Amino acid sequence: MSPRAWPALLVKETLALVPHWVGMVTLITLFGLVQLFDGSLTLGAVSGRVSAGAEAALTVFMLAFAAGHATVGPEFYADHIEMLDALPVRRVEIFVAKALASLAPVVVTVGMSLGWDLSSSWVSPGAPGADPFGEIVLAHGLLLVAGVSGWALGMLGSWFGGLGWGVVLATLVFGGMAAIIVPPMRPYVVGFGSFASLVFVSREATHPIEPVVFWLVLSAMSVMVSGLLFLGPGGALTRRGSLATGAVRVGTVGCLTVVLVGFGGIGLLGLLLRAPQLLEPIAVERTEHFRILYDPDFVAQVVEATDGIDALSARIGEQVGNPVPVELDVELLGAQQNHAGVFTGGKLRLQRGADREVVAHELAHAHAFAVAGPAAWRQRKHTRFFDEGLASWVAARVAGKPGIPRRAAAIHALDPVQLDLLVEDDRWIAERDIAQPYPLGIVFVEALDEAGGVRVRSCVLREIGALGHREIAGLALWVTVADRCGFVLEDVFARFERLLEDAAADLPPLPELEASLQGTALRVVDRREAGFRLVCRFRSRPDAEVGTYEHVDVVDGRCELPLWQLPEETFGYQVGFRMDDDAVFDRWVEAPTP
């Protein structure tokens, strides 16, 4: 082909894909505009992309699939191949032009996203010394692999016509379900797995190479097969009434039917198993400000937990600094996993057997919400210890059980609490026990109470709410709030430390734990032999849901690793000891999976 014909051919193929260019560029443009109009997303979007890129990868994969699907097969289905053959170019050259033209919007989309995220990290760099450049580049490398994979499979799927969409969607769903059952498969599954999610080992971002190689090899094979079909044999797959076309369609429809019927059967079975729960009667009681919904089988527990709830709510409002009664639905019908209760903003959802202290805790959240407003939730990653501490502190006060929790004193005695870590919840969860801010927050509110009582507590809530959605570092937020509410943050934290140290003086000798991997077990030793029950906890990755943590008691100085729950590369573990019906854990440790 003449060199002059190449630009014309590429322009022709590019113009044929204008809708795909518009879709992909619009996606990135909208993403950028959202960040410009909401500054809190500037760094959050970057960190979200870096730590959990599954959604972004799925989006790029499907858009790229659409571009690839519109290239080679449709030329045969629409009988355009004869017109292309009339051009003074060879089919192989046409195929190359189509491949380059359909891949271009994928590369440009990922490049725009990379440029935007790098710019965002430069404008809002986050913590001092943080350098997200490597993480962003690696994340977008995985994003590009996902796009190339979708593009290549789209070209191959174009030979199936509209069935190509059904094939790829069913494959992704089936792969996602398989990844749930077999966790090591997750890095291989785009979208529903963790293919585009980075793994952090000692805060260094990495990703297993095997899934990347798998998808690149599959993409190369898909492009090669598509190219060979385009050179001639593809006509047999697309010719109406041909045996090949019938076999492909019947086979594809058959496979999809099996998959969909299987999924439908599983869903129907689950619905039938849950039917007794869905049909259970619900009793309703009304008070002056509350509507209480509960299971009649738990009536005794409900009466004990909610008796005099209006007076209880008024007392809690006085402690929080909210004189206006709250009016809510109180559902004692079940809360989300790992929670005795939760305040959703419009109602309290509690476990069926929730006690009065749980009710008081969630009512305190409701009154705090009434003072601070919904904007305060945007700052929760800097205020969770205070939010939960205030609710627990108030619940203990109205229950007549004030004081410093022994567990908080033990936490501080084993690993002194640092304010800069306590006010950065993401860092705390990555490094320490997610539940520790609850007892530590009680102590902080106790220290804050000395600075001005309910006046200061309500002022803190109002000022946190006044900051709204502004992106602000944790220490800067608390210094600002302290200045506006008339107390010195350093003095309150010094009081916080004194309270913990005084309480720690009354504790018995605490364990001094050492842990080491030995084959498929974790060996745990208490050097002090303090006599506490020891326990291990495992997670698959730093951002894993707490409900997926695996707890294992130490038996004969060992915890067997739950290998079925762990990824192939690295995992996290904590060791700790039981205290007051709960556990005190050491810091998370990242280790290679045996």
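Refer to the structure above for everything that follows.
Residues numbered from 1 in each chain as written. Predicted model: local features only at pLDDT ≥ 70, side-chain atom pairs only at ≥ 80, totals over all residues. Heavy atoms only, no water.

**What about helix α14 (residues 309-320)?**
For α14, with 12 residues, the first-to-last C-alpha span of 16 Å sits near the 16 Å given by 1.5 Å per residue. Regarding α14, the residues found buried are I309, D310, L312, S313, I316, G317 and V320. Along the axis of α14, the buried residues cluster in a sector spanning 155°; they form a single face. What points out from α14, more than 90 degrees from its buried face, is the exposed set A311 and E318. Buried positions along α14 lie against β4 (290-294), α13 (299-306), β5 (328-332), α15 (356-372), α16 (380-398) and α21 (453-467). Remark: G321 follows α14 within two positions and exhibits a positive phi of approximately 100°. (Helix = DSSP H or I, 4+ residues; strand = E, 2+ residues; numbered from the N terminus. Expected span 1.5 Å × (residues − 1). Buried < 20%, exposed > 50% of the residue type's maximum accessible area, 1.4 Å probe, protein only. Arc of directions from axis to C-beta. Contact = heavy atoms within 4.5 Å.)

**Comments concerning the sheet that holds strand β12 (residues 558-560)**
Across the sheet, which stays open at both edges, the 3 strands sit in the order β8-β9-β12 with antiparallel pairing between neighbours. Only two strands of the sheet have a single partner each, and these edge strands are β8 (513-518) and β12. Put simply, the sheet's adjacent strands are angled 25° from each other on average, direction ignored. Strand direction decides the pairing type here: β8 and strand β9 (residues 521-526), joined by 6 bridges, are antiparallel. In the strand pairing of β9, L513 is matched with D526. (Pairing = 2+ DSSP bridges. Axes fitted to C-alpha atoms, helices over the stretch in contact; angles between N-to-C directions.)

**Points about the state of the cysteines**
The term disulfide refers to a covalent linkage connecting the sulfur atoms of a pair of cysteines. Under the definition given, this model contains 2 disulfides. Sulfur-sulfur distance for the disulfide between C459 and C485 comes to 2.1 Å. Taking the sign of the torsion about the S-S bond as the criterion, the disulfide between C459 and C485, at about -95°, is left-handed. Note that C459 is positioned in helix α21 and C485 in helix α22 (residues 474-485), a separation of 26 residues in sequence. Here C459 falls in the buried class, since its relative accessible area comes to 7%. (Disulfide = S-S within 2.5 Å.)

**Side note on the sheet that holds β4**
Taken in spatial order, the 5 strands make up an open sheet running β3-β4-β5-β7-β6, and their pairing is mixed. Each edge of the open sheet carries a strand with a single partner, namely β3 (283-286) and β6 (341-343). Neighbour-to-neighbour, the strand axes of this sheet turn through a mean angle of 15°, independent of strand direction. Relative to strand β7 (residues 347-350), β6 runs antiparallel, the two being bridged by 3 bridges. Looking across to β7, one finds that V342 is bridged to R349. Packing of α13 onto the sheet brings it into contact with β4 and β5, and relative to β4 it is tilted by some 155°.

**Considerations on the side chain of S458**
You can see S458 is positioned in helix α21. Residues within four places of S458 in sequence aside, it is in contact with V320, G321 and V371.

**Quick look at unusual backbone geometry**
For residues other than glycine, phi is negative in most cases, and the peptide bonds are mostly trans. Residues other than glycine seldom take positive phi values, yet E529 does so here, at roughly 50°. One can find E529 in the loop between β9 and β10 (534-539). Of note in this structure, D556 is not a glycine but carries a positive phi near 55°. The topology assignment puts D556 in the loop between β11 (550-553) and β12. The exposure class assigned to D556 is exposed, which follows from its relative accessible area of 76%.

**Some remarks on empty space enclosed by the protein**
Applying the stated criterion to the full structure yields 1 cavity of 30 Å³ or more. Space inside the largest cavity adds up to approximately 40 Å³. In the lining of the largest cavity, the residues fall into 5 nonpolar, no polar and 3 charged. (1 Å grid on protein atoms, 1.4 Å probe; cavity = no way out; pocket = protein on both sides within 12 Å on 5 of 7 lines; lining within 4 Å. Points joined across faces, edges and corners; volume = space filled by probe spheres on them. Nonpolar A, V, L, I, M, F, W, Y, C, P; charged D, E, K, R; others polar.)

**Observations regarding the pairing of strand β13 (residues 570-579)**
Counting buried residues in β13 gives 9 out of 10 residues, a clear majority hidden from the surface. As defined by bridge partners, β10 adjoins β13 across 6 bridges and the pair is classed as antiparallel. Counterpart to L534 in the pairing with β13 is F577. Summarising the sheet, β13 and strand β15 (residues 589-592) pair through 4 bridges and their orientation is antiparallel. In the strand pairing of β15, G572 is matched with E590. Alignment of β13 against strand β14 (residues 582-585), held across 4 bridges, turns out to be antiparallel. Pairing of G576 across the sheet is with F585, part of β14. Hairpin connection of β13 to β14: 2 residues between the antiparallel strands, including D580 at a positive phi of 55°.

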